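# Survey of secondary and tertiary structure
Now for the letters of each chain:
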Amino acid sequence: MQWRRIHRWLGLGAGTLALLIGVTGLILAFFPVRDSWQAVQADHGLPVALLAQRVVDHVPGVEEIRRLPSGDIVVYSFNGGQARASRVDPADGRVLGDYAASATERWVRNLHRSFFLNDPGRLGAAAVALSMLLLSVSGVLLLVRRLGGWRHLLRPVRGTPAQRVHAVAGRILVPILALSSLTALYMSATTFSLIPTDSAADPDVISVADGRPDLPVANLPLLRALSADGLRKLNFPAADDPEDVWRLSTDWGDGWIDRHSGHVLAWEPATPSRRIYDWIYALHTGQGLWLWALILGLAGLGIPVFWVSGYLVWRQGRARRPHLAGNAPAGRADILIFVASEGGTTWGFAKALHDAFLRNGHAVHTAPLEQFQVPGAARQVFVLAATYGDGQAPAHAARALDRIADLPAGSVPVTVLGFGDRQFPAFCGYAEALDRLLRQRDWPATLPLECVHQQSAQQFDRWAAALSLALGETLAPDYVPYIPPTVPLELVSREDYPGDSGATVVLRFRWQDYGWSDRIRGRAMPRFRAGDLVGIAPPTSPVPRYYSLASSFRDGFLEICVKRMPGGACSGFLHDLKPGDSIRAFIKANPGFQLDGRRLPVVLIGSGTGVAPLAGFIRDNTRKVPMVLYFGARNPDEDFYFGKSIKGWLADGRLSGLRTAFSRVPDGGGYVQDALCRDADRLRALVSKGAVLRVCGSRPMAAGVAEVLDGILAGAGLSVHRLRERGRYAEDVF
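Structural notes, computed from the coordinates.

Tallied over the entire structure, the rule returns 25 salt bridges. With a shortest N-O distance of 2.8 Å, Arg259 and Asp214 are connected by a salt bridge. Taken as a pair, Arg259 in the loop between β7 (253-258) and β8 (264-269) and Asp214 in the loop between α5 (161-191) and α6 (221-225) lie far apart in primary sequence, 45 residues in all. By relative accessible area, which is 39% here, Asp214 ends up partly exposed.

Across the sheet, which stays open at both edges, the five strands sit in the order β10-β9-β11-β12-β13 with parallel pairing between neighbours. Each edge of the sheet is formed by a strand with only one pairing partner; in this case those strands are β10 (364-368) and β13 (450-453). Direction aside, neighbouring strands of the sheet carry axes that sit 20° apart on average. Where strand β9 (residues 335-340) and β10 come together, five bridges link them in parallel fashion. From the neighbouring strand, Phe338 faces β10, where its bridge partner is Ala367. Against the sheet, helix α12 (residues 457-471) touches β11 (380-386), β12 (414-420) and β13, its axis set at about 155° to β13.

Okay, helix α3 (residues 103-114) next. Under the 1.5 Å per step criterion, the end-to-end length of α3 is 16 Å for 12 residues, consistent within 8% with the ideal 16 Å. Listed as buried for α3 are Glu105, Val108, Arg109, Leu111, His112 and Ser114. The opening residue of α3 is Ser102, an N-cap whose side-chain oxygen sits 3.3 Å from the backbone nitrogen of Thr104. Of the residues trailing α3, Phe115 is marked for its positive phi of about 55°.

A separate point is the packing of helix α18 (residues 680-688) against helix α19 (residues 699-713). Their axes nearest at 10 Å, the elements α18 and α19 cross at an angle of 80°. By the angle between their directions, the pair α18 and α19 is classed as roughly perpendicular. Contacts from Ala680, Leu683, Arg684 and Val687 of α18 reach α19 at Leu709, Ile712 and Leu713. Partitioned by chemical class, the residues of the contact of α18 with α19 number six nonpolar, no polar and one charged.

Applying the stated rule across the entire model yields 23 aromatic pairs. Taking the centre distance of 5.0 Å and the plane angle of 85° together, the rings of Tyr497 and Tyr641 count as edge-to-face. Of the two residues, Tyr497 sits in strand β14 (residues 487-497) while Tyr641 sits in the loop between β21 (627-633) and α16 (643-652), which places them 144 residues apart along the sequence. Note on Tyr497: relative accessible area 11%, which makes it buried. Ring geometry for Phe640 and Phe662: centres 5.7 Å apart, planes at 65°, overall edge-to-face. A residue pair is termed long-range when its members are at least 10 positions apart, and Phe640 in the loop between β21 and α16 and Phe662 in strand β22 (residues 657-662) qualify at 22 residues. The exposure class of Phe640 is buried, given its relative accessible area of 10%. Of the residues examined, Phe662 reaches a relative accessible area of 7% and is grouped as buried. Aromatic ring contacts, followed pair by pair, group Phe349, Phe357, Phe382, Phe419, Phe460, Trp463 and Tyr479 into a single cluster. The cationic tip of Arg508 hangs over the ring face of Phe557; the distance from NZ or CZ to the ring centre is 3.7 Å.

With that out of the way, let us pick up the nonpolar core. Formed by 31 residues in total, the largest nonpolar core has its most connected members in Leu604, Leu629, Phe642, Ile646 and Leu655. Every element with two or more residues in this core is listed here: β20 (602-607), α15 (611-620), β21, α16, β22 and β23 (692-697). Here this core takes six residues from α15, the largest share from any one element. Contact partners of Phe642, with chain neighbours within four places excluded, come to Tyr497, Val506, Ala550, Glu559, Cys561, Val611, Ala612, Ala615 and Arg619.

A few words on the sheet that holds β7. Across a sheet, paired strands are connected by hydrogen bonds in the backbone, their directions being either parallel or antiparallel. Strand order in the open sheet formed by eight strands is β4-β3-β2-β1-β5-β6-β7-β8, and the pairing between neighbours is antiparallel. Each having just a single partner strand, β4 (95-98) and β8 make up the two edges of the open sheet. Going across the sheet, the axis of each strand differs from the next one's by a mean of 20°, ignoring polarity. Pairing analysis gives four bridges linking strand β5 (residues 231-235) to strand β6 (residues 245-250), with the strands arranged antiparallel. If you follow Leu231 over to β6, its bridge partner there is Thr250. Here helix α2 (residues 48-58) sits on the sheet and contacts β1 (62-67), β2 (73-79), β3 (82-88) and β5; the angle it forms with β5, its principal contact strand, is near 55°.

Cut-offs used in this document
Residues numbered from 1 in each chain as written. Predicted model: local features only at pLDDT ≥ 70, side-chain atom pairs only at ≥ 80, totals over all residues. Heavy atoms only, no water. Salt bridge = Lys/Arg side-chain N within 4 Å of Asp/Glu carboxyl O. Helix = DSSP H or I, 4+ residues; strand = E, 2+ residues; numbered from the N terminus. Buried < 20%, exposed > 50% of the residue type's maximum accessible area, 1.4 Å probe, protein only. Pairing = 2+ DSSP bridges. Axes fitted to C-alpha atoms, helices over the stretch in contact; angles between N-to-C directions. Contact = heavy atoms within 4.5 Å. Expected span 1.5 Å × (residues − 1). Polar contact = N/O pair within 3.5 Å; in protein donor to acceptor, adjacent residues only side chain to side chain. Parallel < 35°, antiparallel > 145°, perpendicular 65-115°, else oblique. Nonpolar A, V, L, I, M, F, W, Y, C, P; charged D, E, K, R; others polar. Phe/Tyr/Trp six-rings, centres within 6.5 Å; stacked < 30°, edge-to-face > 60°. Lys NZ or Arg CZ within 6 Å of the ring centre and 35° of its normal. Core = buried A, V, L, I, M, F, W, Y, C linked by side-chain atoms within 4.5 Å.

Here's what the structure looks like:
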């Protein structure tokens, strides 16, 4: 079932009405809490007869005594031609004041229940409740699929801030929203008599008018035996009708009493359907359950967060994907293209392939990999799969392997094209796993697995040429690199480090503050954290380069550290910038590398320009969590990047320890791995206290660090692999 599609369109379609119902529900939840705090409760076990007698002694013309869900006692009377509703003190029957139901509460309730449209509105509210239930179910299933199974449902969620907020809000709100939706549907069903709630009409009973006077209420046996704790209402017999009876309604049932003899003429115990309805009503409204009402109110407060974050996730997802013209339904397409992409760049290649087949007259369907399917009309299937980091699947395709493994093998060729970065040991590891699975499941292929390095357009063209030969038709894909929406950045300062290994510069940019409305629409600088990436495309190349951020959004500036690479188009472009110059850039989240905000010790290990995101972590450490930095460079006079700031953070407590190693100066300490070895005991102690480790720098440096750490931690029964599995160790290498 297409749960993602159901979730998306229900959220967008019914989301606004659900938002209205959530907000009005939040307001309604306030009233039970207020009423419970203001109510004057009857003593536990107070007999109904005694309560009624106290009321009769103080209120003339009593017609009905009602106990509200809050516990307040309200008396309706008619005396001297005036009808009156009064709150009374159950302790002595004194009138505390007039009672009137809140007009505001009634107005909000009518809006909440029926949008002021009576039965059509009630049907609409029921439809929204059903949508909310489907949204809850589909949301849970999507989260389970994204996290890799039910066992991992509470695992931290990777993704953009909006995705994380949506997932966390979902974990908290979904149980309450699902329960609220179910109870709303039940109540709607009772409103339209689809579910009965009570027995038939009242019994036909009368008081026997044999000339005896009315028995005083205090002497009625049934009322003496019943506690006011379960009283709902007590109707007095009409003074001018000697055959009229007492009518009593309680949590346990309803009774009718002879006014002269006090005999119980009829008693109907509460039916199971009525008891169920009472519980459903209390669960949905919080009436009489002020703590539950408070929880419902908080859930209602979370709905706007849920809705806005969901909308942002949808907008971001649309922004990452190019427009696909002529995207045929999967069931009618002869060419199927499935895409797995963490950052969205692979969609550009998919679009080029999609358009090329379309120009050749094919019916083409292109979709995310998690929608993998092969209907009967398909003749060729292509999977364009990017590998995230060191061999990981893109977050949205985390369960795609399991889905494909559960499908029966077919005869349609499925060809995999991988995208990755050869700097990572597991280059195209996810694409390889996909291809291996398909072959093990006996799916044929038109071409063997091919892997594209760093979005190389030339490699993609060569693969397309081979595919043309294999298919016997000319394919001419016109690949245009996908670049997310960019924002302008103005260079405000630069700090140059000459260095004998190549000039390096720390660049600080600022952006124009467009405000929330533009941010929601994706037209302003998105929020980012230290350790995220900024993508910059130089004027001479459409392919962006990524740099780790040394600052976060709340710092008010964007800072990167760039080393000039021989022949590097982007690094050369950035090095030539002067204060006042502008560039355009976009933010790419790097959630797997960021710190999660827990108060655990942090060990930061970096070398060269790899210190940039680590400097950002330290700058953000205003809570002064224990944080130790191991930094390696060549010469402290030439390439101790952020050195002045780092020493300042050490002095003000944001950095609790600093260990440096400079490989090109006498007594400099060698390499950063040597600094780790010298501090082995301290590292073991920090790791034993739950420390998390972040490593940034070149791939050889990271490999050397991992080897040294394995040796240091071996005695404690730990390893880099185990720490990585537990989310305590992460690398950002280049």
